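Residue strings, one per chain:
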Amino acid sequence: MVISIRNLTVEYRAGAEPFLALDVPNWEVGDEEQVAISGPSGSGKSTLLNVVAGLLAPTSGSVVVCGTELSDLGEAERDRFRAAHVSYIFQTFNLLQGYTAIENVLVGAAFSHGGVNRTQARELLAKVGLAHREHYYPSKLSIGEQQRVAIARALARKPKLILADEPTGSLDPKHAAGVVELLREACREHRCALVVVSHEMKIAEAFDRRVDFMTLNRALNGNGGAS
Ligand code: ADP
Ligand code: MG
């Protein structure tokens with residue numbers, strides 16, 4: 001099991017009253033499994049990914065990712081855990097603007113122990129169809145190309161799990177399906193599990209396992225859903 005969740009809750013304390021954003025009694029993702037999560041904006045999808053990535057501490061419950069119980073860890077330990085096991089792909093890629101495509105991939109690798117060297121980084125860029133863009137800065141790449149660099153960077157860390165939060169949110173529909181297919185293929189090849197969050201039904205439909213977040217997150221019943 002790459003993810004195993006029991007009785008997870010997450011409360012935000014932004015206002016006077018704590019706000020229950022997440023209540024997930026039970027959820028598992030197997031090694032090398034690929035899962036699509038769909039649900040409306042504000043339903044807590046990013047909150048769940050942030051907890052699984054170790055960016056956000058659970059309020060209560062058990063979250064075991066790659067064999068590590070995250071609820072026992074402090075912030076620095078969670079950062080180390082993430083560097084070792086999990087790659088996160090965002091809607092807006094988060095590429096380092098002052099670095100070329102290949103440098104972005106190498107920086108990704110630098111944060112993990114088992115990361116790739118320059119030759120392997122070059123191979124990863126070739127795999128995502130960007131061999132000819134190795135020395136380009138992000139600003140000179142199309143949006144679709146930038147997201148493919150982000151995929152190569154995610155793989156460079158040799159993670160056991162890739163989390164992708166609306167990875168096609170900035171792409172037009174024509175490129176969106178291709179980028180997700182590329183991501184899925186790469187994860188299969190690297191024997192890495194994949195959780196993709198998307199509110200686009202088209203994206204979710206390509207996956208064998210689809211999770212309806214409205215059903216998974218029991219907090220939505222109490223809160224009356226997205227706000
Ligand atoms: P989604 O990714 O499905 O759009 P989010 O996980 O981003 O949903 O947010 C779920 C709910 O939690 C929303 O109502 C949002 O306003 C709230 N929320 C998210 N982040 C915070 C935060 N840092 N502090 C307070 N409330 C937050
Ligand atoms: Mg979100």
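Report follows, based on the coordinates. (Residues numbered from 1 in each chain as written. Chains lettered and ligands numbered in written order. Predicted model: local features only at pLDDT ≥ 70, side-chain atom pairs only at ≥ 80, totals over all residues. Heavy atoms only, no water.)

### Quick look at the site of ligand 1
Inference 1: The environment of ligand 1 is made up of 13 residues, and the closest members are Gly42, Gly44, Lys45, Ser46 and Thr47.
Inference 2: Interatomic distance of 3.5 Å between a side-chain N/O atom of Tyr12 and a nitrogen atom of ligand 1.
Inference 3: Gly44 places a main-chain nitrogen or oxygen 3.0 Å from an oxygen atom of ligand 1.
Inference 4: For ligand 1, whose unbound accessible area comes to 560 Å², protein coverage reaches 63%.
Inference 5: Breaking the shell around ligand 1 down by element, the ones donating at least two residues are strand E2 (19-29) and helix H1 (45-52).
Inference 6: Sort the elements by how many residues they give to the shell around ligand 1 and H1 lands first, with three residues. (Near = heavy atom within 4 Å. Polar contact = N/O pair within 3.5 Å; in protein donor to acceptor, adjacent residues only side chain to side chain. Areas by Shrake-Rupley, 256 points an atom, 1.4 Å probe, with all protein chains shown as cover. Helix = DSSP H or I, 4+ residues; strand = E, 2+ residues; numbered from the N terminus.)

### Quick look at the packing of aromatic side chains
Inference 1: Under the criterion given, the structure shown has one aromatic pair.
Inference 2: Taken together, a centroid distance of 4.4 Å and an interplanar angle of 15° make the contact between Tyr88 and Phe90 stacked.
Inference 3: In this structure Tyr88 comes out as buried when scored by relative accessible area, which is 11%.
Inference 4: Sitting over the face of the ring of Phe207, Arg184 holds its NZ or CZ atom 4.4 Å from the ring centroid. (Phe/Tyr/Trp six-rings, centres within 6.5 Å; stacked < 30°, edge-to-face > 60°. Buried < 20%, exposed > 50% of the residue type's maximum accessible area, 1.4 Å probe, protein only. Lys NZ or Arg CZ within 6 Å of the ring centre and 35° of its normal.)

### Quick word on the layout of surface pockets
Inference 1: Size it by volume and the largest pocket reaches roughly 480 Å³.
Inference 2: Lining the largest pocket are 19 residues, with Arg82, Tyr88, Phe90, Phe111 and Arg157 positioned closest to its centre.
Inference 3: Counting residues per element, the ones that place at least two in the lining of the largest pocket are helix H2 (75-85), strand E6 (86-89), helix H3 (101-110) and helix H5 (143-156).
Inference 4: It is E6 that provides the largest number of residues to the lining of the largest pocket, a total of four residues. (1 Å grid on protein atoms, 1.4 Å probe; cavity = no way out; pocket = protein on both sides within 12 Å on 5 of 7 lines; lining within 4 Å. Points joined across faces, edges and corners; volume = space filled by probe spheres on them.)

### Re the sheet that holds E2
Inference 1: Read across the open sheet, the four strands follow the order E2-E1-E4-E5; overall the sheet is antiparallel. At either end of the open sheet lies a strand with only one pairing partner, and these are E2 and strand E5 (68-69).
Inference 2: One ladder, built from two bridges, connects strand E4 (residues 60-65) with E5; its direction is antiparallel. By the bridge assignment for E5, Val65 is matched with Thr68.
Inference 3: Against the sheet, H1 engages strand E1 (3-12), E2 and E4, with an angle of about 120° to E1. (Pairing = 2+ DSSP bridges. Contact = heavy atoms within 4.5 Å. Axes fitted to C-alpha atoms, helices over the stretch in contact; angles between N-to-C directions.)

### Notes on helix H4 (residues 118-127)
Inference 1: Taken together, the buried positions of H4 are occupied by Ala121, Leu124 and Leu125. Looking straight down H4, one finds that the buried residues subtend no more than 100° of arc, so they occupy a single side.
Inference 2: Turning to H4, the residues buried within the fold contact H3, H5 and helix H6 (173-190).
Inference 3: The distance from a side-chain oxygen at the start of H4 to the backbone nitrogen of Thr119 is 3.2 Å, and the residue carrying that oxygen is Asn117.
Inference 4: Two residues or fewer past H4, Gly129 is found with a positive phi of approximately 80°. (Arc of directions from axis to C-beta.)

### Observations regarding the sheet that holds strand E9 (residues 209-212)
Inference 1: Judged by pairing direction, the sheet is parallel, and its five strands sit side by side in the order E6-E7-E8-E3-E9 without closing on themselves. Bordering the open sheet on either side are E6 and E9, each of which pairs with just one other strand. Averaged over neighbouring strand pairs, the angle between their axes works out to 15° when direction is ignored.
Inference 2: Here strand E3 (residues 34-38) runs beside E9; their pairing, made up of four bridges, is parallel. Looking at E9, one finds that Ile37 is bridged to Val211.
Inference 3: Along the sheet, H2 contacts E6 and strand E7 (161-165); its crossing angle with E6, the most-contacted strand, is approximately 85°.
Inference 4: Together, E3, E6, E7 and strand E8 (193-197) form the strand contacts of H6, whose direction differs from that of E8 by roughly 160°.

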